[in-house]
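The lines below spell out each chain.
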Amino acid sequence: MKRRWPAKYRWTYAGLLAACLILAVLASWTPFAAPIDYYAYDLIYRTFPPQNWEPSSAILAIDEATFTASGGVRNLRGIVADSIDALAPAQTKAIGIDVLLPDDADPALDKRLAASIEHAGNVALSAQLTNNIWEEPLPLFAAKAKAVGHVHPEENHIDGVGRRIPLEFSAARQRHWALMLEAYRLAQGSAAPIIESMEDVRIGSDTVIPAPRDGQGRLMWIRHRPGGIPTVSLAELRKDPAKLEVFRNKTVFIGVTALAGRRDQVLSPVTGDYVSGVVIHAQAFETVVQKRFLTGASNLTVIAVCLLGVALMGVAFLMLRGSLALTAAGVLILGSHFVPVLFFRQDIVFPFSAVFGSALLAAATSACYQYFVIRKRMQTTEDEKERYQKAIQWVAHEMRSPLTAIQGSSEMMGRYALSEERRKQMASMINAESKRMARMIQTFLDVERLSEGQMEMKRERFSAPDVVCLCVERVMPLAERKNITLHPGEFPACELLGDRELMEYAVYNLLTNAVKYSPAETHVFVTAEVRGANLRIAVADQGIGMDKNEVKNIFRKFYRTEKAQKSGEAGTGIGLSIVEQIVTHHGGKIEVVSTPGKGSVFTIVTPVAAVGSAKPPIAAQRV
Ligand code: ADP
């Protein structure tokens, strides 16, 4: 099967795609990607809401009406005490108070609140870090409460939406678990301790929250109850005591919902509206009760999925062309949208930006690269075609003179009664010219067959100096005609293994080129030496030379340098391509060193079969 892209291109392509993958994954870890990931998360989150469940918590809200009826924000402590007292008949499982109670106030009021807390039993109070100082509940209250939890929302500077909650908050040498976690612990029975590991937080024997220690306080994704948290304000409860049933056997969160007194407000990912902190705590509590935990996809998973996407994209552009490739890319990019959905269905939060970004980047890169490769190959084909046409033209041109000679001579022989001597002369001329044509055709066919790997190569031992000497002798008349002096060196006795005729062709070609592409009155040096396991046959001239770029191309079929074309020397540009193949078939290589205007050195480096020529040649065997 023919390869679609040359190996060189495929490696570059693979490298580019790997770069796309790395870039996309790295970018997905930057803050720029966070809004995209959040947006995608919210969309999926709203599209696939969970089934509503029976709530285990309720909110006793301190709203505007409560403040109005009970003396305003200044009487917050009294209102909290009233709220706790009001809940007494409902037999709540635990009470979490999302109101900070740090300073001394009216001693009588403080005493009353302490008594209410003590009477209620399972109460968790809240603490919050402000200016690096913990605002803890007064010792008077803390002593009566069963726990103190922090009330910090996730520090989300990007869009302020409360998607996660930090389970722990450590600062100023003090650490608190989240208020909702403490409330949950109390609701389980106050003996249930919180046990932590690097990966999770355990409460009791059957609640394991997957929240790895991450330097951000073990963030836990909140699953908001679609129906919200049942909420009754203290004012409403006073008006309608029957509403107390809302709190029966529940864990109750008491917090301020009135705009005037509420400290924290966070955007809900479900409704997009501002909600007060107490709602977020209650929703997080519901998540823990329902044990519906979401976990972030691990880096390894993200990389593996993105790698798969990029690889598919790469293969699509490798196998397909044009609109088909683009359609495949479109399908893959569209498919990348569904990856986070599939993961979400498995309770895993997958960063959309990573998978989408890598697919998009890979598609753009693949499309550009495919365009580049196709263009480059078209260009190469065009060049090759042009050179081929030129070569054909040259051959046609070259054939014309022997053909004319053959035609003329044969006509004369047919028409006139020629002397025996003249007839012989013409016959030998016809013979020589037709042989020349046959050689020309043979050379063309050889190139094709050699490159297709169809040409048979003999494997026999032959003497290397014999070959070189013969070629030097053959090229001598050409050199003399141009007044070029040939300097054959000392050729060491050694044998090569392969096809003698082909090797002759190779050496002869280098010698004729040296003569062809050198001006008159110059010198050509031919040397041979055994170095290590190799024989080095070097042909050095003082001719037109070539620059680096030209040297790179001379082994391509039909390539001729501009200087060579201008030199007026006839050539097809195929000789060297055959030479290279012959030498490669012999397990060797050709080295070229050339300087424009100064000359070139062509060296055939080929393994020697034996040094010295004592052994008789092995009988020819074809491979
Ligand atoms: P041809 O000589 O028939 O053109 P070759 O394949 O033998 O074809 O050589 C290819 C090209 O390499 C030549 O056309 C010439 O441009 C360049 N070349 C080969 N040998 C030499 C040399 N000794 N000095 C300068 N250029 C050379």
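Residues numbered from 1 in each chain as written. Predicted model: local features only at pLDDT ≥ 70, side-chain atom pairs only at ≥ 80, totals over all residues. Heavy atoms only, no water.

Student: An account of the site of the ligand is needed here, citing residue identities and associated values.
Tutor: Near the ligand there are 21 residues, and of these N513, Y517, R560, T561 and L576 occur at the shortest range. Within the side chain of N513, one N or O atom sits 2.8 Å away from an oxygen atom of the ligand. For the ligand, a nitrogen atom lies 2.8 Å from a polar atom in the side chain of D541. Burial of the ligand by the protein chains amounts to 98% of its free accessible area of 530 Å². Those elements giving two or more residues to the shell around the ligand turn out to be helix 15 (500-516), helix 18 (575-585) and strand 25 (599-607). Considering each element in turn, the shell around the ligand owes the most residues, 4 residues, to helix 15. Residues that form the shell around the ligand fall into these classes: 10 nonpolar, 8 polar and 3 charged. (Near = heavy atom within 4 Å. Polar contact = N/O pair within 3.5 Å; in protein donor to acceptor, adjacent residues only side chain to side chain. Areas by Shrake-Rupley, 256 points an atom, 1.4 Å probe, with all protein chains shown as cover. Helix = DSSP H or I, 4+ residues; strand = E, 2+ residues; numbered from the N terminus. Nonpolar A, V, L, I, M, F, W, Y, C, P; charged D, E, K, R; others polar.)

Student: Describe in detail the pattern of salt bridges, supporting the description with residues and values.
Tutor: If you walk through the whole model with that rule in mind, you get 29 salt bridges. Residue E196 pairs with R213 through a salt bridge whose shortest N-O separation is 3.2 Å. Placement of the pair is E196 in strand 9 (residues 194-196) and R213 in the loop between strand 11 (207-210) and strand 12 (219-221), with a sequence separation of 17 residues. The partner of R223 in a salt bridge is D347, and the shortest N-O contact between them spans 2.7 Å. Note that R223 is positioned in the loop between strand 12 and strand 13 (231-233) and D347 in the loop between helix 11 (322-345) and strand 18 (348-349), a separation of 124 residues in sequence. The structure contains a network of salt bridges with shared partners spanning E168, R175, E196, R213 and R218. (Salt bridge = Lys/Arg side-chain N within 4 Å of Asp/Glu carboxyl O.)

Student: Describe the packing of aromatic side chains, and please don't skip the residues or the numbers.
Tutor: For the coordinates displayed, the defined rule picks out 12 aromatic pairs. Between Y13 and Y369 the ring centres are 5.6 Å apart and the planes differ by 5°, which places this aromatic pair in the stacked class. Remark: Y369 occurs in helix 12 (residues 352-415) and Y13 occurs in helix 1 (residues 7-28); sequence separation between them is 356 residues. Seen from their ring centres, Y45 and F344 are 6.3 Å apart, and the 75° between their planes marks the pair as edge-to-face. Of this pair, Y45 sits in helix 2 (residues 34-47) while F344 sits in helix 11, and the two are 299 residues apart along the sequence. Its relative accessible area of 5% is what places F344 among the buried residues. Site record: aromatic cluster; members linked through ring pairs are Y9, Y13, Y369 and F372. When the ring centre of Y38 is taken as reference, the NZ or CZ atom of R163 above it lies at 4.0 Å. Directly above the aromatic system of Y508 lies the positively charged group of R474, at a separation of 4.1 Å from the ring centroid. (Phe/Tyr/Trp six-rings, centres within 6.5 Å; stacked < 30°, edge-to-face > 60°. Buried < 20%, exposed > 50% of the residue type's maximum accessible area, 1.4 Å probe, protein only. Lys NZ or Arg CZ within 6 Å of the ring centre and 35° of its normal.)

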